[in-house]
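The primary structure of each chain is shown beneath.
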Amino acid sequence: MNQPFRGGVKLSIIIVSYNTKDVTRECLKSIQNAEWRDTFEIIVVDNNSSDGSVEMIRSEFPEVKVIANPDNRFFAIANNQGAAIAKGEYLLLLNSDTLVYGDNLQKMIDFFDTQSDDVICIGPKILNKDKSLQSCGVPLMFNPYKHVVSLFCLDKMLPLYKVDPAFYRKPDKTHQTGWVSGACMMIPAKKYTKVGGMNENLVFYGEEPEFGYRTSRAGYKTIYYSDAEIIHLGGVSAKADKKSTYSFEKDIREYDSLITETVGTKRAITITRLTRFSLMVKWLFYKNKNYVASRIKHEKKVMDYFKKKLESNQAQH
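Residues numbered from 1 in each chain as written. Predicted model: local features only at pLDDT ≥ 70, side-chain atom pairs only at ≥ 80, totals over all residues. Heavy atoms only, no water.

1. A word on the nonpolar core
As a reminder, the rule being used: To form a nonpolar core, buried Ala, Val, Leu, Ile, Met, Phe, Trp, Tyr and Cys residues must be joined to one another through side-chain atoms within 4.5 Å. Note on classification: 1.4 Å probe, protein chains only; a residue is buried when its accessible area is under 20% of the maximum for its type, exposed when over 50%, partly exposed between these limits. In this text, helices come from DSSP runs of H or I with a minimum length of four residues, and strands from runs of E with a minimum of two, each type numbered from the N-terminal end. Between two residues, a contact is recorded if the distance between any of their heavy atoms is within 4.5 Å.
Counting 33 residues, the largest nonpolar core has Ile13, Ile15, Leu92, Leu94, Met108 and Met186 as the members making the most contacts within it. Here this core takes 5 residues from helix 4 (residues 104–112), the largest share from any one element. The contact partners of Ile15, leaving out residues within four places of it in the chain, are Cys27, Leu28, Ile31, Ile42, Ile43, Val44, Val45, Leu94, Asn95 and Ser96. In terms of nonpolar packing, the next biggest core, distinct from the first, is built from 22 residues, Leu93, Ala189, Phe211 and Tyr220 among them.

Below, the structure is given as structure tokens:
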């Protein structure tokens, strides 16, 4: 069990913002209008916004602590900056494009207070603007066996969660999961520091699955908590950056950084090969064969990338 609260700040809410002035304002208002029993503080880490976000926060929300970065330090570094000055027993990493309401965050605190010491992170039900489901936790799929189960949806046909809790994904049931959405992650401050916080080697991709992978290897659990929910508008920061267009080279570099920090190149080749095989099987049955064919071609490029990297690494040794 976590130690009982003995005064001070119970929850430190850390929000990373980047050119999301209007939605950040609504997010902060929603926090203030929520139902609370415990004390909390709000820390906004702004990644050099050009839309007046910092000025708005300081003017309209003077009680909010603001860290104004001179450049865009993205998700991991910015959250670690916020955690470094946080005073709360728990940290809540919360996206700027989220809306909270009712006592949902208070429910998360109350739930965490009942958990054993091996629980390091909980996440709520993430909803879209229309209240449809967006996320209910995600299994770690770096294991080839689990990846095959996911690719062929075997967990939907068989009660595999009885063998491995990673396959339990019912949105209305609290359950252990691999990782939860970075839109809303609650973590005890001491444990966050102990495991090194967010991985700063990851620039802007894979921070949540890497955190789940790393902490699970250290013996910790991540829990999806179904009785609390928030709204996540999604992708507002990316949309604000007009330079944000798809590039395979950028995409593969980001994925490679996640692979490097987790399972390594050989496992990446195995996972990609399994993904490509599943797509070939699906091509036989899907009506939109052009789409599946494009996915197969993409996975071939991914496999070729990692094979080339593996050959280069072996040549160096």
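2. Some remarks on the pairing of strand 1 (residues 11–17)
On any regular strand, side chains alternate: one points to one face of the sheet, the next to the other face. This is how it is decided: Pairing between two strands requires that DSSP report at least two bridges joining them. Assignment of crossover handedness uses the view with strands pointing away from the viewer, where a clockwise path from the first strand over the helix to the second indicates a right-handed crossover.
Within strand 1, 7 of the 7 residues are buried, leaving the element largely enclosed by the surrounding structure. Burial along strand 1 is two-sided: the residues Leu11, Ile13, Ile15 and Ser17 and Ser12, Ile14 and Val16 are all buried. Where strand 1 and strand 2 (residues 40–46) come together, 7 bridges link them in parallel fashion. Residue pairing in the sheet places Ile13 in a bridge with Ile42 of strand 2. The handedness of the strand 1 to strand 2 crossover, carried by helix 1 (residues 21–33), is right-handed. In terms of strand pairing, strand 1 meets strand 4 (residues 90–95) through 6 bridges, oriented parallel. Considered in strand 4, the bridge of Ile14 is made with Leu93.

3. What to know about the packing of helix 5 (residues 144–151) against helix 11 (residues 265–283)
In plain terms, the rule: Here an angle of 0 to 180 degrees is reported between the N-to-C directions of two axes, which are lines fitted to C-alpha atoms, with helices fitted over the stretch in contact. Roughly parallel covers angles under 35 degrees, roughly antiparallel covers those over 145, roughly perpendicular covers 65 to 115, and oblique covers all other angles. Take the far helix as the reference: if the near one is turned anticlockwise from it by less than a right angle, the crossing is left-handed, and if turned clockwise, right-handed.
Interaxial distance between helix 5 and helix 11 falls to 10 Å at its minimum, and their mutual angle equals 20°. Between helix 5 and helix 11, the angle falls in the class roughly parallel. Judged by the twist between their axes, the crossing of helix 5 over helix 11 is right-handed. Every residue of helix 11 that contacts helix 5 at Pro144, His147, Val148 and Leu151 is listed here: Arg267, Thr270, Ile271, Leu274, Thr275, Ser278 and Lys282.

4. Side note on the side chain of Asn199
We apply this condition: Counting of polar contacts relies on pairs of N or O atoms within 3.5 Å, with two restrictions inside protein: one atom must be capable of donating a hydrogen and the other of accepting it, and residues adjacent in sequence are counted only when both atoms are side-chain atoms.
Turning to its location among the elements, Asn199 is positioned in the loop between helix 7 (189–194) and helix 8 (207–217). Here Glu210 takes part through its side chain, which lies 3.2 Å from a polar atom of the side chain of Asn199. A polar contact of 2.9 Å, which involves the side chain of Asn199, links it to the side chain of Glu261. In contact with Asn199, not counting residues within four places along its chain, are Ala76, Glu210, Arg214 and Glu261.

5. Considerations on the pattern of salt bridges
To keep it simple, the criterion reads: Any carboxyl oxygen of Asp or Glu within 4 Å of a side-chain nitrogen of Lys or Arg constitutes a salt bridge here.
Overall, the coordinates contain 15 salt bridges when judged by the stated rule. Between Lys29 and Glu26 there is a salt bridge whose closest N-O contact spans 3.9 Å. Taken together, the residues Lys29 and Glu26, both in helix 1 and 3 residues apart, mark about one turn of the helix. For Lys29, a relative accessible area of 35% puts it in the partly exposed group. Of the residues examined, Glu26 reaches a relative accessible area of 40% and is grouped as partly exposed. Among the charged side chains, a salt-bridge network with shared partners connects Lys10, Glu89 and Asp113.

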